[in-house]
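Structure assessment
Okay, here's what each chain looks like letter by letter:
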Amino acid sequence: MDLIKNQNALFGMGNPLLDICAVVDKDFLDKYGLKTNDQILAEEKHKEMFEEIVKKFKVEYHAGGATQNSVKVAQWMIQEPHKVATFFGCIGKDKFGKILKEKAEEAHVEAHYYEQTEEPTGTCAACITGDNRSLVANLAAANCYKKEKHLDLEENWKLVEKAQVYYIAGFFLTVSLESILKVAKHASENNKIFCLNLSAPFICEFFKEALMKVMPYVDILFGNETEAATFAQERGFETEDIEEIAKKAQSLPKENKKRQRIVVFTQGKEGTVMTKGDKVETFPVLKIDQSEIVDTTGAGDAFVGGFLSQLVQDKTFEQCIRAGHYAANVIIRHAGCTFPEKPDFH
């Protein structure tokens, strides 16, 4: 059965955010206590930051949010048919929400947003310094996703059931654990593939209970080297070796015994680590000249998107990683999580 002809074969659920990207200076980071290459949730002290960044720097708006980025990249890699990727998340009935809807349509992703009026559409300030980026997410509407008001509706759940591969970024653990569990259990019980991303050190630290509730259903676990290290610390793995961490994460308890868990850790320009059976392999990334890097926003999301584009077509895990590396390599040559019209991947 050729999965690639299946619309809605890939399902993503997460926080739809409009990225506000700007090249800022170190003073700006210091003023708001931001670290390079970190991702955090906005607190009270960051409220002014969103206004200041727009006033002070040249900003670009891009449709974002980790999961939405990944499914968009997957759809871009697949090209035809359209709407292989489905996306659920919550937005506001406002200008930014309208932009997100237009951008999803342009990307040929079937986005079903839960629209509400209490909160405005979420935003994420991507503060770029050199080739580093510091992300501050103001979830707003994204935080208002409700299982019973959206996911449980028959016409929406039908789309979930159509999917073969599911991807949710760890960020959504802060919003609706019950929604994640409903999807994860469906995947596990039907021997479909459920993928989760560690997403950020703060998820591994402060949302570890929620994370560990979902872990038994995770067939493929993604993360980067910083998240892997934090995860290992929090789990008491007593090792800083990324391959060892991958093995230990792989052997955490798992519900669906028909599939062995795969763990995939990216390390920026270093190789990507993947567990395979009882082995751990490292795959080198594509070389890129420092001068060609525009910004690294969305590189991790793009890697996952490339990976998922092949996974949904039943390709080998090696091919999934190649596609992930290809997609990330394209994204870092463009501002935000944006890409040229067509991929050139074989």
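Structure report, in brief. Everything numeric here is computed off the predicted structure, so don't read it as measured data. Each chain carries its own residue numbering, running from 1 in the direction its sequence is written. Reporting in this predicted model follows two pLDDT cut-offs: at least 70 for local features of residues, and 80 or more for side-chain atom pairs to be given and counted; totals over whole chains, interfaces and linings ignore these cut-offs and use all residues. The basis for every side-chain value is the complete set of non-hydrogen atoms in the structure, without hydrogens or water.

1. Describing the sheet that holds strand 4 (residues 60-64)
This is how the line gets drawn: By the convention used here, strands pair only if DSSP detects at least 2 bridges between them. A run of H or I in DSSP counts as a helix once it spans at least four residues, and a run of E counts as a strand once it spans at least two, with each numbered from the N terminus. To get an axis, a line is fitted to the C-alpha atoms, and for a helix only the part in contact is used. The angle between two axes follows their N-to-C directions and goes from 0 to 180 degrees. Here, two residues are considered to be in contact whenever any of their heavy atoms come within 4.5 Å of each other.
Strand order in the open sheet formed by five strands is 3-8-7-2-4, with mixed pairing between adjacent strands. Both edges of this open sheet fall to strand 3 (39-41) and strand 4, since each of them pairs with a single strand only. With strand direction ignored, the average angle separating the axes of adjacent strands in the sheet is 25°. Across seven bridges, the pairing between strand 7 (residues 122-129) and strand 8 (residues 132-138) is antiparallel. Paired with T123 across the two strands is N138, which belongs to strand 8. Of the strands in this sheet, strand 2 (17-23), strand 4, strand 7 and strand 8 are in contact with helix 2 (residues 47-56), which crosses strand 7 at around 60°.

2. Describing the packing of helix 3 (residues 66-78) against helix 13 (residues 317-331)
The angle between the axes and the distance between the axes are what describe a pair of packed helices. How we decide: Angles are sorted into four bins: roughly parallel if under 35 degrees, roughly antiparallel if over 145, roughly perpendicular if 65 to 115, and oblique for all others. Three classes are used: nonpolar for Ala, Val, Leu, Ile, Met, Phe, Trp, Tyr, Cys and Pro, charged for Asp, Glu, Lys and Arg, and polar for all others, with Gly counted as polar.
For the pair helix 3 and helix 13, interaxial distance at closest approach is 11 Å and the crossing angle is 105°. Regarding the angle of helix 3 to helix 13, the classification is roughly perpendicular. Between helix 3, through V73, W76 and M77, and helix 13, the contact on the second element is made entirely by A323, Y326, A327, V330 and I331. Looking at the contact of helix 3 with helix 13 residue by residue, the class counts come to eight nonpolar, no polar and no charged.

3. Observations concerning helix 7 (residues 177-189)
Quick reminder of the rule: Multiplying one less than the number of residues by 1.5 Å gives the expected span of a helix. We call a residue buried when its accessible area falls under 20% of the maximum for its residue type, exposed when it is over 50%, and partly exposed in between, using a 1.4 Å probe and counting protein chains only.
Helix length check: helix 7, at 13 residues, gives a terminal C-alpha distance of 18 Å against a target of 18 Å (1.5 Å per residue), a fit within 8%. Residues of helix 7 that are buried include every one of L177, S179, I180, L181, V183, A184, H186, A187 and S188, and no others. In this fold, the buried residues of helix 7 make contact with strand 1 (10-13), helix 5 (147-151), helix 6 (154-162), strand 9 (165-169), strand 10 (193-197) and helix 9 (208-214). Phi for N191, located one or two positions after helix 7, is positive at around 50°.

4. With respect to the pattern of salt bridges
Stated formally: Between Lys or Arg on one side and Asp or Glu on the other, a salt bridge is scored when a side-chain nitrogen of the former is within 4 Å of a carboxyl oxygen of the latter.
The final tally for this structure, using the stated rule, is 13 salt bridges. Across the pair D152 and K147 runs a salt bridge whose closest N-O atoms are separated by 3.2 Å. When the shortest N-O distance is used, the salt bridge between E154 and K158 registers 3.3 Å. Taken together, the residues E154 and K158, both in helix 6 and four residues apart, mark about one turn of the helix. What you see here is one network of salt bridges that share partners, running through K31, E52 and K56.

5. Things to note about the nonpolar core
Our working definition: Think of a nonpolar core as a cluster: buried Ala, Val, Leu, Ile, Met, Phe, Trp, Tyr and Cys residues, connected wherever their side-chain atoms sit within 4.5 Å.
Core analysis: the biggest nonpolar cluster contains 59 residues, and M13, Y145, V183, F194, V214, F231 and F265 have the highest contact counts within it. Core analysis: the next-biggest nonpolar cluster, separate from the first, contains 38 residues, V84, F87, A104 and A107 among them.

6. A closer look at the side chain of T275
The topology assignment puts T275 in strand 13 (residues 270-276). Beyond its immediate stretch of four places on either side in the chain, T275 contacts A246, K247, Q250, R261, I262, V263 and V280.

7. Some remarks on the layout of surface pockets
Short version of the rule: Buriedness of a pocket was judged along seven lines, with at least five required to meet protein on both sides within 12 Å; pockets are open sets of points on a 1 Å grid over the protein atoms alone, cavities are sets where a 1.4 Å probe fits but cannot get out, and lining residues have an atom within 4 Å of a point. Grid points are joined across faces, edges and corners, and a volume is the space filled by probe spheres set on the points.
The calculated volume of the second largest pocket comes to roughly 440 Å³. Considering the residues around the second largest pocket, the lining is formed by 19 residues, among which W76, K103, E106, A107 and F339 are closest to the centre. For the lining of the second largest pocket, the secondary-structure elements that each account for two or more residues are strand 4, helix 3 and helix 4 (95-106). In the lining of the second largest pocket, the residues fall into seven nonpolar, six polar and six charged.

These values are about where atoms sit, not about what they do.
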